[in-house]
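Spelled out, the chains give:
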Amino acid sequence: MSEIKNVVLVHGGFVDGSGWQEVHKLLTADGFRVAVVQNPTLSLAGDVLATLRIVRSLDGPCVLVGHSYGGAVITEAGLDEKVAALAYIAAFAPDAGESVNTLIADPPPGAPVPPIVPSPDGFLFLDREQFHTSFAADLPATEAGFMADSQVAWGTDALGGQITRPAWRTKPSWYLVATDDRMIPPAAQRMMADRAGANVGEVAASHSVYVSQPQATADLIKQAAASAGH
């Protein structure tokens, strides 16, 4: 396989792609061509199409990277022939027939419950007052406050979208576990990473690990690119 110099970054629920800025900066400084997908987050199928639109525009193979709900997106979109490897950043990695909804339905005893607030018209938000603690505890209060105030409405069809064929069954994968995550319990992250046969790294960080620990995030992505390109 040719050297992989393309990276596609997919954001999760409640946020947009701007959180990838520092990771983008680190990777482009190392010569990678980096694209950031802006998920509509209305449905899983729609987000997969948005991701494939970017993947198929590239001039060669790529590492497909997903944070949080973005992990479900790359699990489905990663079957595309241009995807050489998957990188999960504190992300959901569902199996066939699973959705984010099914993965969060039975949390481990004592695990924090994300402060999700449904809107009357079928969308989900995180409670603004609890956003900092639950989603971004290792970020400055001002930065977490901006993220809380600029939330992207997360559609329940995205939450409930089921995986047909998980790409991690046929593509090499990497997983960065955030050990202080209060959105996806670290034990659940390790379970999904182990099930996917992923190469695992861990870092002490909140769910916003890609924002608070951009170097560790970029390093894992570069490992995926180097390994899958040989």
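For the structure itself, consult the block above.
So, how was this worked out
- Residues numbered from 1 in each chain as written.
- Predicted model: local features only at pLDDT ≥ 70, side-chain atom pairs only at ≥ 80, totals over all residues.
- Heavy atoms only, no water.
- Pairing = 2+ DSSP bridges.
- Helix = DSSP H or I, 4+ residues; strand = E, 2+ residues; numbered from the N terminus.
- Axes fitted to C-alpha atoms, helices over the stretch in contact; angles between N-to-C directions.
- Contact = heavy atoms within 4.5 Å.
- Core = buried A, V, L, I, M, F, W, Y, C linked by side-chain atoms within 4.5 Å.
- Buried < 20%, exposed > 50% of the residue type's maximum accessible area, 1.4 Å probe, protein only.
- Arc of directions from axis to C-beta.
- Parallel < 35°, antiparallel > 145°, perpendicular 65-115°, else oblique.
- Left-handed = near helix turned anticlockwise from the far one by under 90°.
- Nonpolar A, V, L, I, M, F, W, Y, C, P; charged D, E, K, R; others polar.
- 1 Å grid on protein atoms, 1.4 Å probe; cavity = no way out; pocket = protein on both sides within 12 Å on 5 of 7 lines; lining within 4 Å.
- Points joined across faces, edges and corners; volume = space filled by probe spheres on them.

J.: Would you take a moment to explain the sheet that holds strand E1 (residues 6-10) for this structure?
T.: Whether parallel or antiparallel, the strands of a sheet pair through hydrogen bonds between backbone atoms. Reading across the sheet, the 6 strands line up as E2-E1-E3-E4-E8-E9 and stay open at both edges, with parallel pairing between neighbours. Each of the sheet's edge strands pairs with one partner strand only, and the pair in question is strand E2 (33-37) and strand E9 (199-203). The mean inter-strand angle of the sheet, taken between neighbouring strand axes irrespective of direction, is 20°. Bridge analysis of strand E4 (residues 83-89) against strand E8 (residues 173-178) gives 4 bridges, and the strand direction is parallel. Paired with Leu 86 across the strands is Ser 173, a residue of E8. In this fold helix H2 (residues 44-55) packs onto E1, E2, strand E3 (62-67) and E4, with an angle of close to 160° to the strand it touches most, E2. Contacting E1, E3, E4, E8 and E9, helix H10 (residues 214-228) crosses the sheet at an angle of about 165° to E8.

J.: Looking at this structure, how should I read the nonpolar core?
T.: Generally speaking, nonpolar side chains in soluble globular proteins are found buried as a group. Formed by 77 residues in total, the largest nonpolar core has its most connected members in Val 63, Leu 64, Val 65, Phe 135 and Ile 221. Among the elements that take part in this core, E4 stands out by supplying 7 residues, more than any other.

J.: Would you mind going over the sheet that holds strand E7 (residues 154-155) with me for this structure?
T.: Strand order in this open sheet of 3 strands is E5-E6-E7, and the pairing throughout is antiparallel. This sheet does not close on itself; its edge strands, each paired only once, are strand E5 (116-118) and E7. For strand E6 (residues 123-126) and E7, the ladder comprises 2 bridges, and the chain directions are antiparallel. Across the sheet, the residue bridging to Phe 123 is Gly 155, located in E7.

J.: Is there a simple way to explain unusual backbone geometry in this structure?
T.: Leaving glycine out, the prevailing phi sign among residues is negative, and the prevailing peptide bond configuration is trans. If you check the backbone angles, Ser 68 has positive phi at about 55° while not being a glycine. Position of Ser 68 relative to the elements: it lies in the loop between E3 and helix H3 (70-77). Given the relative accessible area of 6%, Ser 68 is considered buried.

J.: Just checking my understanding: could you explain helix H6 (residues 141-149) for this structure?
T.: Along an α-helix, residues three or four apart share an orientation, since each turn contains 3.6 residues. Taken as a whole, H6 has its buried residues at Ala 144, Met 147 and Ala 148. Buried residues in H6, looked at end-on, bunch into an arc of 100°, giving them a common side. Exposed side of H6, more than 90 degrees from the buried face: Thr 142 and Phe 146 are the residues found there. Buried residues belonging to H6 abut helix H5 (131-135).

J.: In this structure, what is going on with the packing of H2 against H3? I would like to understand it.
T.: Between H2 and H3, the shortest axis-to-axis distance is 9 Å and the interhelical angle comes to 65°. Relative to H3, the element H2 is oriented roughly perpendicular. Judged by the twist between their axes, the crossing of H2 over H3 is right-handed. Side by side, H2 and H3 meet where Leu 44, Asp 47, Val 48, Thr 51 and Leu 52 of the first sit next to Ala 72, Val 73, Glu 76 and Ala 77 of the second. The class makeup of the residues in the contact of H2 with H3 is 6 nonpolar, 1 polar and 2 charged.

J.: Help me out: how do you make sense of the environment of Met 191 in this one?
T.: Take Met 191: it is sitting in helix H8 (residues 186-195). Distance from Met 191 to Pro 107, taken between C-alpha atoms, is 12 Å for residues 84 residues apart in sequence.

J.: Got a minute to help me understand the layout of surface pockets in this structure?
T.: Leftover empty space is mapped by rolling, across the atoms, a probe with the size of a water molecule. Quantified by volume, the largest pocket comes out at close to 380 Å³. Of all the secondary structure elements, the ones that give two or more residues to the lining of the largest pocket are helix H4 (100-104) and H8. Among the residues forming the lining of the largest pocket, the class breakdown is 18 nonpolar, 3 polar and 1 charged. In this model, the second largest pocket occupies a volume close to 300 Å³. Lining the second largest pocket we find 14 residues, and of these Ser 18, Gly 19, Glu 143, Phe 146 and Met 147 sit closest to its centre. Secondary structure elements with two or more residues in the lining of the second largest pocket: helix H1 (21-29), H6 and helix H9 (209-212). With 3 residues, H6 is the single largest residue contributor to the lining of the second largest pocket. Among the residues forming the lining of the second largest pocket, the class breakdown is 6 nonpolar, 5 polar and 3 charged.

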